[in-house]
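Read off the chains here:
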Amino acid sequence: MGAGAGFLLAAAAAAGLLAAAPGAAAARPAAAAAAAGGGGGWGGGAGGGSRAPPGAGPVEQLRTAYGDDPARGFRAAWSSRDASAPSGWAVWRRAGAGLPGHPLVAAGEPVTFGGAQVRRHSEGVLDANVQWLLTARADGLEPDTDYVYAVGCRFGNAEGGGAGGGGAWDGRPAVRPEDCLSALHTFTTAPRPGELPGRKPLRVAVYGDMGVKNGRSLPRLKALAAAENLTAVMHVGDLAYNMWEDSGRRSDVFLEGVSPVAANVPYHVCPGNHESFRDFAEYRARFDGTMPNQGPGAMWHGFDLGPVHFVMFSSEVFFYSSRHGWGLVPAQHRWMRQHLAAVDRTKTPWLVTMAHRPMYCSPNDDLDDCHERHSLVRNGLPLPFKFNKLGYEELLQEFRVDLHVGAHEHSYERTWPVFRGKVGGKGAGAYDTPAGHDWLGKTVHLVAGAAGCRENTDPWLGKPGHFSATRLNGYGFGLLSASRTELAFEQVDHATGEVVDSFTITKPASAFAEAD
Ligand SMILES: [Fe+2]
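Notes on the structure in this doc start here. (Residues numbered from 1 in each chain as written. Predicted model: local features only at pLDDT ≥ 70, side-chain atom pairs only at ≥ 80, totals over all residues. Heavy atoms only, no water.)

**Some points on the coordination of the iron ion**
At 2.1 Å from the iron ion lie its protein donor atoms, namely Asp 238 (OD), Asn 273 (OD1), His 356 (NE2) and His 408 (ND1). In the primary sequence, the donor residues of the iron ion line up as D-x34-N-x82-H-x51-H. Taken together, the residues Asn 273 in the loop between strand 13 (267-269) and helix 7 (277-287) and His 408 in the loop between strand 17 (403-406) and strand 18 (412-415) connect sequence positions 135 residues apart. For His 408, a relative accessible area of 9% puts it in the buried group. (Donors = N, O, S within 2.8 Å, 3.2 Å for Na, K, Ca; no water. Helix = DSSP H or I, 4+ residues; strand = E, 2+ residues; numbered from the N terminus. Buried < 20%, exposed > 50% of the residue type's maximum accessible area, 1.4 Å probe, protein only.)

The structure is reproduced here in structure tokens:
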């Protein structure tokens, strides 16, 4: 969207109004302080990414994700208890370096204003936990550019004027800004597909199975975000433990707890088994409409980030006889085939897929799908041979997926390149794509379910699987980085920050020559 005259006036007014908003400039320092304190940060607004604790104010549970074109847009989602407050947001191009604050915003170029979609949400029969779920989108932004934004107010008058309503700005805020504005937050758009960020390294946190209780990895994730040292987060299912509990307040606490990260760094999700209650109702309510290029209920989505194309999908479709379970088995497979076929590997040589339940894992104390000879996620439906079984390992092979990440097992494991149980190679050089080839010939699999939850860890038992390169039991999360020729992954200990496992998949520079 362009910046018209009324727009600029609105921006100036809004910038002045923002200065009056308590705590508006404190987003980064508060997040940093919370991280330095070492506490989990769950359960309240202190140090949170939005100003209010759950249930106490107009903006809570604020988080972001990339738009359908991550280089050009992003979206924000939040909750409000106040149905009467006009809803909307404002986005400015961030001016200069340093922390976001009023002077930066005042000097920054306004780029977009808009209203937000509002849906009423309640859970529980006797105890409704009523709240309003809001989502807003910014499009037409510049790639690899820092923006600051605030949500909550529509910066116009109540009759629909001003930026939120499309009419003329009359200089009057619709409501008192101090009653409805969030803190200021930053968002950096993705580089153009195929390009690397110009000013910061590409670093994506990867983990599953992080809950409110025992969510060990959160302080370090908050510290990384506060230091502007994190590009994005991929949470591979099992959020909050459990989102629906306490009439959905467990979701409130979780989303407020991760907000210091997610309000400033795109936070991408796919569903896990812990989201399955009542046909994934709480997950769908909170995330539908917030993921780029998403399927129904945010069950799957995909996007480019620099030289990597990411896809998150639902392993849960095989396990629940509901509309968003079995009802989506063929639809998701069909979408995934079409989506993977459309990936331009000359721009994004790396293809990384994620789904909650892994396809390969070594023995532990669980009896999970990945231990089965016929894994539903890996092999598909147990149908006679002549049918298309709609499993995903064949699809990863067909579309030359480099890395597939699962979670669910509360531990960390890395495989050698593997397909149909056959390992491509072990030891030094196993992750180096030979000259003249464009991928390893088999997919590398990870289990990344050790972020921390109330079910603790799942200790490995007995001997590792023949496909296993490394398996670990400690709590932590992954950090993925990429250039055109290297896809690197580090598993980080949650407490010490020590890298406890790392590997790099390489491709020859000639493998995916960029198209002219
Ligand atoms: Fe799980």
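Anyway, onward from the coordinates.
**Topic: the packing of helix 6 (residues 249-262) against helix 7**
Between helix 6 and helix 7, the shortest axis-to-axis distance is 11 Å and the interhelical angle comes to 40°. With respect to each other, helix 6 and helix 7 are oriented oblique. Considering only the axes of helix 6 and helix 7, their crossing is right-handed. Of the residues in helix 7, those touching helix 6 at Ser 251, Asp 252 and Leu 255 are Glu 282, Arg 286 and Phe 287. Per-class residue counts for the contact of helix 6 with helix 7 are 2 nonpolar, 1 polar and 3 charged. (Axes fitted to C-alpha atoms, helices over the stretch in contact; angles between N-to-C directions. Parallel < 35°, antiparallel > 145°, perpendicular 65-115°, else oblique. Left-handed = near helix turned anticlockwise from the far one by under 90°. Contact = heavy atoms within 4.5 Å. Nonpolar A, V, L, I, M, F, W, Y, C, P; charged D, E, K, R; others polar.)

**Brief notes about the packing of aromatic side chains**
Per the stated rule, a full pass over the model turns up 17 aromatic pairs. Centroid distance Phe 280 to Tyr 320: 5.7 Å. Interplanar angle 85°. Geometry classified as edge-to-face. Pair noted here: Phe 280 is in helix 7 and Tyr 320 is in the loop between strand 15 (308-313) and helix 8 (329-341), with a separation of 40 residues, a long-range link. Three or more aromatic residues joined by ring pairs make a cluster, and in this case those are Tyr 66, Phe 74, Tyr 149, Phe 187, Phe 303 and Phe 310. Arg 357 extends its terminal NZ or CZ atom over the ring of Phe 319, reaching a point 3.6 Å from the ring centre. (Phe/Tyr/Trp six-rings, centres within 6.5 Å; stacked < 30°, edge-to-face > 60°. Lys NZ or Arg CZ within 6 Å of the ring centre and 35° of its normal.)

**Overview of the pairing of strand 6 (residues 131-138)**
Of all 8 residues in strand 6, 6 are buried, a share of seventy percent or more. Bridge analysis of strand 2 (residues 74-80) against strand 6 gives 7 bridges, and the strand direction is antiparallel. Bridged to Trp 78 within strand 6 is Leu 134. With 5 bridges connecting them, strand 5 (residues 117-121) and strand 6 associate as antiparallel partners. Along strand 6, the bridge assignment pairs Arg 119 with Leu 133. (Pairing = 2+ DSSP bridges.)

**Examining the sheet that holds strand 18**
An order of 14-15-16-17-21-18-22 is seen for the 7 strands of this open sheet, with the pairing classed as mixed. In the strand order of this sheet, the two ends are held by strand 14 (301-305) and strand 22 (468-472), each with one partner. The average undirected angle you get between the axes of adjacent strands in this sheet is 15°. When strand 18 meets strand 22, the two strands line up antiparallel, connected through 4 bridges. Looking at strand 22, one finds that Arg 414 is bridged to Thr 470.

**A few points about the state of the cysteines**
When the sulfur atoms of two cysteines share a covalent bond, that bond is a disulfide. Enumeration according to the criterion identifies 1 disulfide in this entry. Bridging Cys 361 to Cys 370, the disulfide has an S-S length of 1.9 Å. Torsion about the S-S bond of the Cys 361 and Cys 370 cystine: about 80°, corresponding to right-handed handedness. (Disulfide = S-S within 2.5 Å.)

**Let's talk about the sheet that holds strand 6**
Strand order in the open sheet made by the 4 strands is 1-2-6-5, with antiparallel pairing throughout. Among the strands making up the open sheet, the edge pair consists of strand 1 (60-66) and strand 5. Here the strands of the sheet are splayed against their neighbours by 20° on average, with no regard to which way each runs. Contacting strand 1 and strand 6, helix 6 runs over the sheet at an angle of about 55° to strand 1. Strands in contact with helix 7 are strand 1, strand 2, strand 5 and strand 6; relative to strand 5, the strand with the most contacts, it is inclined by about 155°.

**Details of the pattern of salt bridges**
Any two side chains of opposite charge can pair if their charged atoms end up close together. One pass over the structure, following the stated rule, counts 21 salt bridges. With a shortest N-O distance of 3.4 Å, Lys 200 and Asp 146 are connected by a salt bridge. Separated by 54 residues along the polypeptide, Lys 200 in the loop between strand 8 (185-188) and strand 9 (204-207) and Asp 146 in strand 7 (residues 146-151) bring together distant segments of the chain. Between Lys 200 and Glu 228 there is a salt bridge whose closest N-O contact spans 3.5 Å. You can see Lys 200 sitting in the loop between strand 8 and strand 9 and its partner Glu 228 sitting in the loop between helix 5 (218-226) and strand 11 (232-235), a full 28 residues away along the chain. One network of salt bridges, in which partners are shared, links Glu 60, Arg 81, Asp 252, Glu 282 and Arg 286. (Salt bridge = Lys/Arg side-chain N within 4 Å of Asp/Glu carboxyl O.)

**Points about the environment of Ala 223**
Tracing the sequence through the fold places Ala 223 in helix 5. With relative accessibility at 35%, the residue Ala 223 sits in the partly exposed group. Distance from Ala 223 to Val 261, taken between C-alpha atoms, is 8.5 Å for residues 38 residues apart in sequence.

**Section: the packing of helix 5 against helix 6**
Orientation of helix 5 relative to helix 6, taken along the N-to-C sense of each, is 30°, at an axis distance of 8 Å. Compared by their axis directions, helix 5 and helix 6 come out roughly parallel. Note on element contacts: helix 6 touches helix 5 through Gly 257, Val 258, Pro 260 and Val 261, opposite Leu 218, Leu 221, Lys 222 and Ala 225. Considering only residue class, the contact of helix 5 with helix 6 consists of 6 nonpolar, 1 polar and 1 charged.

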